[in-house]
Amino acid sequence: MTRQPLKVSLATVVLATAAVLAPDPSGAQDSSRYGTWQSPDQSRNREREGGAQRLQELIDKLARLVDDADRAKAADRRFIADLRDLIRAYDWPWQVGILSEDFTDGSVAPAPTWTVSEGQFKAVRGVGLHSVVQTSPRPSGSGDSGQDLATALLNQILEQAARKNQPAAAESARQTRATIYAPVAITNAFALTLEVSTRSPEGRIEFGLYQKSPAGVGYRLAYQPARVPSVELLRIGSRGVSVIDAYHQTLPAEAGSPRTLRWTRARNGEMVVSIDGAGVIRSVDRGLQDSFDGLLITNLDGDFALRTLELAGAR
């Protein structure tokens, strides 16, 4: 009584295996017999993406429930505030990749097309997208005695790159600014993450999203670590430039290490700026409701290198 099911199961397995391994009656080779091998890393990436999407769906549902409870006065205000803080800590609605660049390989991706409209930008291996503009006098006699090894190495690489193209470097020094832009469709809610290093912390560089044209309306994030304010969030409108918010402190010296700047904008217009994970600006601006048509970088004064760039949008 116990052997017959086992025999049936083995027979089934044998027949199924024979059917899979049997040659094609027509004699032709079946190239699709085996599926394409996929590495475990690909499977893990898919699992992570699926897990992140499910977590975001949970956060979105929780946020709607908290909004309903807040409107109905169904819970203590402090409890509602605690829930909102929890949601904010895990909320990441920017799941759609738009642009990803690693300029340290010494090249610029062909799509989207990056265009230098003024000044000089050059991708340098090991350094990033490098630009030099000097419009203000620099303090002399600083020397390298207080710099660490990382700073000395970065300076050496940048100086070697400049010596390779002295005419370009001299021309860049005479420019009042340098601008590069990439036309790419960007949702109104976005997350922009940048890894930036500088040899001139007293300089100023701006990262912006524009509508219609690089000179059109949009938002700008200004970074000038040695000045006050060291970070500014600006809106470029038809009537001029407005300061949305600013961080009125200088930033500690980088000591040759790049900083990570993150700028996010939520669907409700809330914008958050962080430096190396520490929040420096949180503000709401609903002045621009439409999507954006491109990303631009403007070096107004200084020696900057953009190592990596990640831009994502919301569904």
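So, here's what we can say about the structure.

Rules behind the numbers
Residues numbered from 1 in each chain as written. Predicted model: local features only at pLDDT ≥ 70, side-chain atom pairs only at ≥ 80, totals over all residues. Heavy atoms only, no water. Helix = DSSP H or I, 4+ residues; strand = E, 2+ residues; numbered from the N terminus. Areas by Shrake-Rupley, 256 points an atom, 1.4 Å probe, with all protein chains shown as cover. Buried < 20%, exposed > 50% of the residue type's maximum accessible area, 1.4 Å probe, protein only. Salt bridge = Lys/Arg side-chain N within 4 Å of Asp/Glu carboxyl O. Phe/Tyr/Trp six-rings, centres within 6.5 Å; stacked < 30°, edge-to-face > 60°. Pairing = 2+ DSSP bridges.

Let's talk about the overall build of the protein
Part 1: Looking only at helices and strands, the protein has five helices and 14 strands in total.
Part 2: Within the structure as shown, the protein displays about 18,600 Å² of accessible surface, and the carbon and sulfur contribution to it stands at 53%.

Let's talk about unusual backbone geometry
Part 1: Backbone torsion omega between Val228 and Pro229 reads 0°, so that peptide bond is classified as cis.
Part 2: Here Pro229 is to be found in the loop between β8 (218-223) and β9 (231-237).
Part 3: Here Lys73, not a glycine, exhibits a phi torsion of approximately 55°, which is positive.
Part 4: With respect to the secondary-structure elements, Lys73 resides in the loop between α2 (40-71) and α3 (77-90).
Part 5: By relative accessible area, which is 62% here, Lys73 ends up exposed.
Part 6: Positioned with a positive phi, Lys212 is a non-glycine residue whose angle comes to about 75°.

Examining the pattern of salt bridges
Part 1: This model, assessed by the stated rule, comprises 12 salt bridges.
Part 2: Note that Arg78 is salt-bridged to Asp76, the shortest N-O span being 3.4 Å.
Part 3: Assessed through its relative accessible area of 42%, Asp76 is described here as partly exposed.
Part 4: Where salt bridges share partners, they join Asp67, Asp70 and Arg84 into one cluster.

Observations regarding the packing of aromatic side chains
Part 1: Evaluation of the coordinates by the stated rule reveals five aromatic pairs.
Part 2: Between Phe190 and Trp263, the ring centres sit 5.2 Å apart and the planes meet at 85°, which makes this aromatic pair edge-to-face. Taken together, the positions of Phe190 in strand β6 (residues 190-198) and Trp263 in strand β11 (residues 259-265) put the pair 73 residues apart, joining distant regions of the chain. By the burial criterion, Phe190 is buried, and Trp263 matches it.

Some remarks on the environment of Leu83
Part 1: Its location among the elements puts Leu83 in helix α3.
Part 2: Judged by its relative accessible area of 19%, Leu83 falls in the buried class.
Part 3: Spatially, the C-alpha atoms of Leu83 and Val66 are 7.4 Å apart, while their sequence positions differ by 17 residues.

Looking at the pairing of strand β14 (residues 292-313)
Part 1: Of all 22 residues making up β14, 18 are buried, and the element is well covered by its neighbours.
Part 2: Sheet topology places strand β1 (residues 96-102) next to β14; six bridges connect them, and they run antiparallel. Looking across to β14, one finds that Gly97 is bridged to Ala312.
Part 3: Both strand β4 (residues 128-133) and β14 contribute to a ladder of five bridges, which runs antiparallel. Its bridge partner being in β14, His130 is matched across the sheet by Ala305.
Part 4: Direction of pairing for strand β5 (residues 178-186) relative to β14: antiparallel, over a ladder of seven bridges. Of the residues in β14, the one forming a bridge with Ala178 is Asn299.
Part 5: Of the strand pairs in this sheet, β6 and β14 are connected by nine bridges, and their pairing is antiparallel. Paired with Phe190 across the bridge in β14 is Gly313.
Part 6: Here strand β7 (residues 204-210) pairs with β14 via seven bridges, running antiparallel. Bridge pairing links Tyr210 to Gly294 in β14.

Interpretation note: all reported values are geometric properties and have no functional meaning in isolation.
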